[in-house]
Structures are given as C-alpha cells and as structure tokens.
Amino acid sequence: MKTKQPIDAFARDLPPEIRESVYVGSKAKYDKRLDSLTQSFAAPDDIRKLAGQIKQHTLENLPEYLGSAIEKLEGNGAKVHYAKTGDDANQIILDIMRSVNATKLIKSKSMVSEEIHLNKFLEKNGCESIESDLGEFIVQLDDDMPSHIVTPIVHKNRKQIANTFEKAGLGDYNDDPQTITRRARSFLRNKYIEAEVGLTGGNFVSAETGRIALVTNEGNARFCISANKTHIALIGIEKVVPRDKDLAVLLNLLARSATGQQLTVYTQFINGPKSEAQPDGPENMHVIFLDNERSNILGSEFKEILRCIRCGACLNVCPIYRQSSGHAYRAVYPGPVGAVLSPLLAGKRYPEYADLPKASSLCGACNEVCPVDIPLPELLLRHRNKAKREGIKKASAGTPSMAGWSVLCSTPAMWKTSLRAGKAMDYISLNLIPVPAVQAWAKERSLPPFRGGKFRKWFKDRQKNK
Ligand code: SF4
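Please read these numbers as outputs of a predicted model, since none were measured by experiment.

Chemist: Describe unusual backbone geometry, and please don't skip the residues or the numbers.
Modeler: If you check the backbone angles, Asn101 has positive phi at about 55 degrees while not being a glycine. Here Asn101 shows up in the loop between helix 5 (86-99) and strand 2 (104-107). Since its relative accessible area comes to 68%, Asn101 is described here as exposed. Positive phi is not limited to glycine here, since Leu362 has a value of about 55 degrees. With respect to the element layout, Leu362 can be found in the loop between helix 17 (350-353) and helix 18 (365-369). Classification of Leu362 as partly exposed rests on a relative accessible area of 30%.

So this is what it looks like as structure tokens:
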C-alpha cells in the first residue's frame, strides 16, 4: 500500500478491519513486553538506561569500534565493504552475485534491505530475490510494504493472507494458519536450495571479536546461509557494539521489547565463512556496512536515534501508530522511530517527510518503552524546530496558524466571544462558513459537540460562596 497522503488523512480513510488488526496486534505486543520485563527484572528501567549508555558510548567512538570490527571480521575470513549510499550497497550486492555467476538470492528479514529497495533493484537487473521471513514473504507476494518493523503484516488478517496465497498460485483459498504456513514452507524450501547467495542483516556486530549476532523467530536466517556458497550480511554502521558481553544486555532487551519473549527463538553468532575450525557454512562471506546518511545523523542534533535496535516497542505503544498503521508514515520505518529517522534518511528529500514529526501527541510513552532510552519526544521537537528554522511548510489543509491561536488565547474579550461562537457551532455546519481556510479545515475533520464555557461561571460562583 503506497500513499502520499498526510498521516491524519490516511488514518481517517483507513478501513476499520485494518485499524482493528493494527490496534489489536500492537497492543498485544505491548502487554507481553510489560509482563516479560517486569517478571524478569527487578528494575527494568535501570537496564534500559545501561543499554542506552552502551549504545551512546559506541556512537561517540564509532570510528574506533567500526575499525576494530572490520579488522576482526577480515581476520575471521570475511570480505568487508563500505557502502556510502543505498545505491552503492545495491551495486556491491549485484557485483558479488555476478562474481559467483549467481542470479538467485534468498534473504532473511532485513530492514536495511527494505531501506535500499534491494528486491526491486535485483529484479530490474535480472536476479531473483526471495524473502524467507513469512511476514516479509507475504508482503512480497502482495507487492506491499511492511507496516511494522518486527511484524510486517500486522495490518493483515488471515482471510486476506489466504486470498494472497490463492492469487499467487500457492493453493486454493484456505485460511487455516497451519495450511498457510505449510504451503509457505514447502515453497520456500525449494528456494533455499535453488539460491546461490543468501543475504541476512545483522542485529549487532561485536567490535571485540567481529562476531555478528542475528536473531529470528523462524530459523530462516540459518537456512539462508546453510544451503549456498555465498553469504552477504548487510548491516548499518550503527550496529556495532564494543564487546561480546554487551550482547547479554542488548539481546535480553531486544527480545522482550519486540515480542515479549525471554529470548528470540533462534539467536545465531556468526564468526565468518567456513574454515578448518568451523567446517559448516558458506565458502564466502561478505559484510557490507551501510552508511546511507548515518554519518550525517551522527554529526547532528539527532544522533541519539542511531541507538535504535529496531525492536518496534515504540510503534506498539504509540496512540498515533495504533490508529493510523505503518503505511501512514510513507516510509520504511514507521511509528515514532520512523517519524524521527525517515526525514533524516531522506537526505535532500527531507522536506517531503518534515510533517511526520508532527504526528505525535508527545505523550512520552515511546521514550518510556524504548530499550535504549532514546529521547524520542525530544527528537520530535528538535525536528519541528528544524522544519521551522528551515522554513519548511508542510501542514495538513486548514491547520490554524499558531500566531492567531496565541492572540486568541491571550485576549480575554476575544476568548469570551469565541466561547459564545463555540456554542453556536453545534447548530451551524462549518462548510457553510464562506472562509476558504475554515472550509479546508472542515473537509478533514468533524467537530465534537461543544462542552466548554462553564469554567468562568463555576469560578465566579465558587468565589461568591467562599
Ligand atoms: S526507537 Fe527504541 S523503541 Fe523504537 S524501535 Fe528503536 S529501539 Fe525500539
């Protein structure tokens, strides 16, 4: 589902069944996260703060830790590449495939590969690229976009998925979840065997050992790198952590924050390609570190967003995300993290996404659940200031001017008149007021019944009765 609409207009038009799926799916994850964290830790907040400090320390010293990770990876037998842009990363992947005469790639879930639109790029260049994570596979069959970082099809119910499978020729309509997964499994098993290259992401990379930590719940990443000769790991430069033992903190928080599990079902540590000491695995391993604006973010007032470990907890708790779904954010990363990150990753196209940080009530819930304690509300406010400084005007139709609002609030006579007018609005349709800004505003919204105007009387009576 692709849209250019602003978030509020998109949310207004969202079919009720999608809103229901997103709300139920995200709330369930939020509840499980809370139970899991409070049952496991006496002071979950202290661990969040520690994880935030580990990630922030890494960012402050990123060149040093990245250098160390590259040295260790190369020492372990991997070939390391640096991609400045998404296009560079795509080209490097294509070049690797051509170097081993490959035209078929199978991949596990990787938000970075979504960010660079890898599948479309490979298809255009005559290569097949198949998603092996079930949710991502369904997104691919539908030519859709993921609407959540962790659960890409949170917006779909099983009837819609059964329709997708039927259209894709994977059997007659059947919405039994076991049948759906069995059909996906039997289709994908062949794809694992046919593929010449397997691509994964990487949740963390240890600068101490070059070890890549990779988590999945379906075990598909293992298959991606077991059945073929070449493994490519595509990883954002911010995924480095100083030591192996830091993984104990971060993996504990990632699983609980993402899905409420104690530990993700499959947690792999990949040291390098196969060797005498490690006879199983691919013959070649390539690690691509992707920058794609991350260095610029690191030098900006938004650098804390690079602590993100892509758990999705801020999406699950966000009242705006729950009502609007991930597609409303018009970019790969939705929810509060996306509202901060997407305008930054857009580079020169920043103004196109400058309205996203306004889609927040600034309630602070996203910061409270973030396992690496990112000050998301603060970053959203910094974005709003930046847009104002740079004169970017991208507001929904009819958004009232704050200067006008300020005059209204600070002039008692005008305020009293507006209260009287407010009462009258119960009987008048806004569409009938011949002011274009009012009509544009009314097109997007409806007014609730007026309930104000009683405070002054209440206060006067209270003074009298004292
Ligand atoms: S910003 Fe925090 S809560 Fe949101 S996805 Fe990233 S790590 Fe998770």
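Chemist: Just give me the short version of the pattern of salt bridges, but keep the residues and values in it.
Modeler: Inspection of every chain in the model, using the stated rule, returns 26 salt bridges. The partner of Glu115 in a salt bridge is Arg294, and the shortest N-O contact between them spans 2.9 Å. Residue Glu115 is located in helix 6 (residues 111-115), and its partner Arg294 is located in helix 13 (residues 294-298); the two are separated by 179 residues in the primary sequence. Taken as a pair, Glu115 and Arg294 share a single burial class, namely buried. For Lys191, the salt bridge identified is with Glu194, shortest N-O distance 3.7 Å. Of this pair, Lys191 and Glu194 both sit in helix 10 (residues 177-194), three residues apart, which is roughly one turn of that helix. Assessed through its relative accessible area of 38%, Glu194 is described here as partly exposed. One network of salt bridges, in which partners are shared, links Asp45, Arg48, Lys49 and Asp373.

Chemist: Help me get a handle on the domain arrangement of the chain, residues and values and all.
Modeler: Here the chain is described as being made up of domain 1 (7-296) and domain 2 (420-464). Computed over C-alpha atoms, the centres of domain 1 and domain 2 are 50 Å apart.

Chemist: I'd love a proper account of the sheet that holds strand 5 (residues 204-206), names of residues and values included.
Modeler: In space, the four strands of this open sheet follow the order 8-5-6-9, with mixed pairing throughout. Each end of this open sheet is capped by a strand with a single partner; those strands are strand 8 (240-241) and strand 9 (266-270).

Chemist: Summarise the pairing of strand 10 (residues 284-290); cite the residues concerned and give the values.
Modeler: Of all seven residues that make up strand 10, six are buried, and the element is covered over most of its length. The pairing of strand 1 (residues 79-83) with strand 10 spans five bridges and is classified as parallel. Paired with His81 across the bridge in strand 10 is Ile288.

Calculation criteria
Residues numbered from 1 in each chain as written. Predicted model: local features only at pLDDT ≥ 70, side-chain atom pairs only at ≥ 80, totals over all residues. Heavy atoms only, no water. Helix = DSSP H or I, 4+ residues; strand = E, 2+ residues; numbered from the N terminus. Buried < 20%, exposed > 50% of the residue type's maximum accessible area, 1.4 Å probe, protein only. Salt bridge = Lys/Arg side-chain N within 4 Å of Asp/Glu carboxyl O. Domains from an automatic or database assignment. Pairing = 2+ DSSP bridges.

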